[in-house]
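# Tertiary structure, described
These are the residues of each chain, in order.
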Amino acid sequence: MGIQDLVIIMGKLYPRLPVSTGLLLSYRCNIKCDHCIYACSPKWKNSWISEADAKTILTQLSTIFSKTCTLRMPYVSFNYGLHLTGGEPFLNFKLLVRITEIAKELDIPSILVETNCFWAREDESASKKIIKLREAGLDGILISINPFNVKYIPFERLERAVRISREIFGINAIVYQEFFFNVLKEIKLENKITYDEYLIKIQKSNIYRYIELLPMGRAAYALKHLYNKYPASYFFSESCKEELTRGWHTHIDNYCNYIPGFCAGISLGDARSLQSIFEGIDLEQRPILKALSNKIEDLYEIGKYFGYKDNAQGYVSKCHLCLDIRRYLVKKTEEFYELNPKEYYLNFS
Ligand code: SF4
Ligand code: SF4
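My aim in this report is to walk through the structure given alongside it, one point at a time. (Residues numbered from 1 in each chain as written. Chains lettered and ligands numbered in written order. Predicted model: local features only at pLDDT ≥ 70, side-chain atom pairs only at ≥ 80, totals over all residues. Heavy atoms only, no water.)

### Things to note about the site of ligand 1
As a structural note, the neighbourhood of ligand 1 is formed by Cys-29, Ile-31, Cys-33, His-35, Cys-36, Cys-40, Gly-87 and Asn-116. In terms of residue class, the shell around ligand 1 is made up of 5 nonpolar, 3 polar and no charged. (Near = heavy atom within 4 Å. Nonpolar A, V, L, I, M, F, W, Y, C, P; charged D, E, K, R; others polar.)

As structure tokens, this is what we get:
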């Protein structure tokens, strides 16, 4: 028996204790990026995590992190401790500040917020927001910069947010991805640019080869033209046991779903009772998790049972196949608790 096998014992799945978790305050976002794993957009209703749920969850996370995050480092990372995310957390700035305060009171390590910086319209108001968060206990900020959000966010706002955040947080102002930030500066971007225009601008340089892009979530559909495609059977033998049980960069959404890694739309259970999840998930009660922790072919068979038909154009990744089947299943039946939140599937576009 190898270490990989220890995550399933006697028909129960045992996720590892998290070393890093993102709290999605909401799925609502002011923009709709083509690469968004969580399919966030303005279409989502204005639903946010309640302060009471956040406190319940963060209190338990604090106890877990006291065991898993034993190093207190001077710099933040979104693979260590807590990141506050969404959707766009700055759309509900008051709640963001309050949750930051709660996390700090609970001594949670590496409290970071991830943002697209739509709010950095001018220096004074942008500084005030960042200072307010730092005073509430925020340890750092992660500024998302990529060829997809500059379709909507004027580049000058991103540059402003980077400049001011670095003044306030120093090395704890992270640009993700720094590579794109440099390319966008290099092409002297003013205002906004679509992804197609971006590709034309950079085509001579070949740097498009360095795009880091997860072929899952909305990207599997909106950007499928960028990838090779394969028939469903190409992915049949792959198992997701590791992704479902990993302890790094897990997520909890505003509906209190505990989400494995980047597997949006899959819930391992109610995060208000984290202990019950780590005590083992009965796979007989969760057929989709059982299938995915064995091999993708098992999920495909469940899909077929409900009438799922293969996508004639093929699939860009196992996650594309998985999501395509799950989207179909949610429309056909409500029997799979682990396919949550339902809104993820219903709002998917
Ligand atoms: S800014 Fe972030 S949350 Fe909003 S659509 Fe883009 S990737 Fe998704
Ligand atoms: S195939 Fe599904 S369960 Fe596996 S990693 Fe991708 S999204 Fe997650």
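Having seen it, we continue.
### Structural notes on the site of ligand 2
As a structural note, the neighbourhood of ligand 2 is formed by Cys-240, Glu-243, Cys-263, Ile-266, Leu-292, Ile-296, Lys-318, Cys-319, Cys-322 and Arg-326. Take the shell around ligand 2: its biggest share by element is 4 residues, from helix α12 (residues 318-332). When its residues are assigned to classes, the shell around ligand 2 shows 7 nonpolar, no polar and 3 charged. (Helix = DSSP H or I, 4+ residues; strand = E, 2+ residues; numbered from the N terminus.)

### Things to note about helix α4 (residues 155-169)
For α4, which comprises 15 residues, the first-to-last C-alpha distance of 21 Å matches the rise-based estimate of 21 Å (1.5 Å per residue) to within 8%. Inspection of α4 places Phe-155, Arg-157, Leu-158, Arg-160, Ala-161, Val-162, Ile-164, Ser-165, Ile-168 and Phe-169 among the buried residues, and these make up the whole buried set. Downstream of α4 by one or two residues, Gly-170 has phi in the positive range, about 60 degrees. (Expected span 1.5 Å × (residues − 1). Buried < 20%, exposed > 50% of the residue type's maximum accessible area, 1.4 Å probe, protein only.)

### What about the side chain of His-251?
When you line up the elements, His-251 lands in strand β8 (residues 250-252). Owing to a relative accessible area of 3%, His-251 belongs among the buried residues under this scheme. A polar contact of 2.9 Å, which involves the side chain of His-251, links it to the side chain of Tyr-38. Within the structure, His-251 has its side chain in polar contact with the backbone oxygen of Gly-261 (distance 2.8 Å). Setting aside its immediate chain neighbours within four residues, His-251 contacts Thr-21, Gly-22, Leu-24, Tyr-38, His-83, Thr-85, Asn-257, Tyr-258, Ile-259, Gly-261 and Phe-262. (Polar contact = N/O pair within 3.5 Å; in protein donor to acceptor, adjacent residues only side chain to side chain. Contact = heavy atoms within 4.5 Å.)

### Details of the environment of Asn-228
Within the fold, Asn-228 resides in the loop between α7 (219-222) and α8 (241-245). Exposure remark for Asn-228: the relative accessible area of 56% places this residue in the exposed category. Distance from Asn-228 to Ser-317, taken between C-alpha atoms, is 8.9 Å for residues 89 residues apart in sequence. Look past the residues within four positions of Asn-228 in its chain and what remains in contact with it is Tyr-315 and Val-316.

### A closer look at the sheet that holds strand β9 (residues 258-259)
If you walk across this open sheet you meet the 7 strands as β7-β6-β5-β4-β3-β8-β9, and the pairing is mixed. Strands with a single pairing partner mark the edges of an open sheet, and in this sheet they are β7 (173-176) and β9. Where strand β5 (residues 112-115) meets strand β6 (residues 140-144), 4 bridges bridge the pair, whose relative direction is parallel. Across the sheet, Glu-114 pairs through a bridge with Leu-142, a residue of β6. Along the sheet, α4 contacts β6 and β7; its crossing angle with β6, the most-contacted strand, is approximately 165 degrees. (Pairing = 2+ DSSP bridges. Axes fitted to C-alpha atoms, helices over the stretch in contact; angles between N-to-C directions.)

### What about the sheet that holds strand β2 (residues 12-13)?
Sheet strands associate in pairs through backbone hydrogen bonding, adopting either a parallel or an antiparallel arrangement. Here we have 3 strands laid out as an open sheet, ordered β1-β2-β10, and antiparallel in their pairing. Where the open sheet ends on each side, the last strands, each with one partner, are β1 (8-9) and β10 (281-282). Relative to β2, β1 runs antiparallel, the two being bridged by 2 bridges. In the sheet register, Ile-9 faces β2, and the bridge partner there is Lys-12.

### Some remarks on the side chain of Asp-53
Structurally, Asp-53 can be placed in helix α1 (residues 51-68). Among the polar contacts listed, one links the side chain of Asp-53 to the side chain of Arg-272, at a separation of 3.5 Å. If we skip the residues at most four places from it in the chain, Asp-53 touches Cys-256 and Arg-272.

### So, the packing of aromatic side chains
Using the criterion set out here, one finds 21 aromatic pairs in the structure. Between Tyr-27 and Tyr-255, the ring centres sit 6.2 Å apart and the planes meet at 25 degrees, which makes this aromatic pair stacked. Note that Tyr-27 is positioned in the loop between β3 (20-24) and α1 and Tyr-255 in the loop between β8 and β9, a separation of 228 residues in sequence. Seen in terms of ring centroids, Phe-180 and Tyr-198 are 6.4 Å apart; in terms of plane orientation they differ by 75 degrees. Their pairing is edge-to-face. With Phe-180 in helix α5 (residues 178-186) and Tyr-198 in helix α6 (residues 195-202), this residue pair connects regions lying 18 residues apart in the sequence. According to the relative accessible area criterion, Tyr-198 is buried, its value standing at 1%. (Phe/Tyr/Trp six-rings, centres within 6.5 Å; stacked < 30°, edge-to-face > 60°.)

### Considerations on the pairing of strand β4 (residues 81-85)
Burial analysis of β4 places 5 of its 5 residues in the buried class, the great majority of the element. As paired strands, β3 and β4 are joined by 5 bridges and run parallel to one another. The residue of β4 that forms the bridge with Thr-21 is Leu-82. Taken together, β3, α1 and β4 constitute a β-α-β crossover, and its handedness is right-handed. With 2 bridges joining them, β4 and β5 adopt parallel strand pairing. Note on β5: the bridge partner recorded for His-83 is Leu-112. Taken together, β4, helix α2 (residues 93-105) and β5 constitute a β-α-β crossover, and its handedness is right-handed. (Right-handed = clockwise from strand over helix to strand, strands pointing away.)

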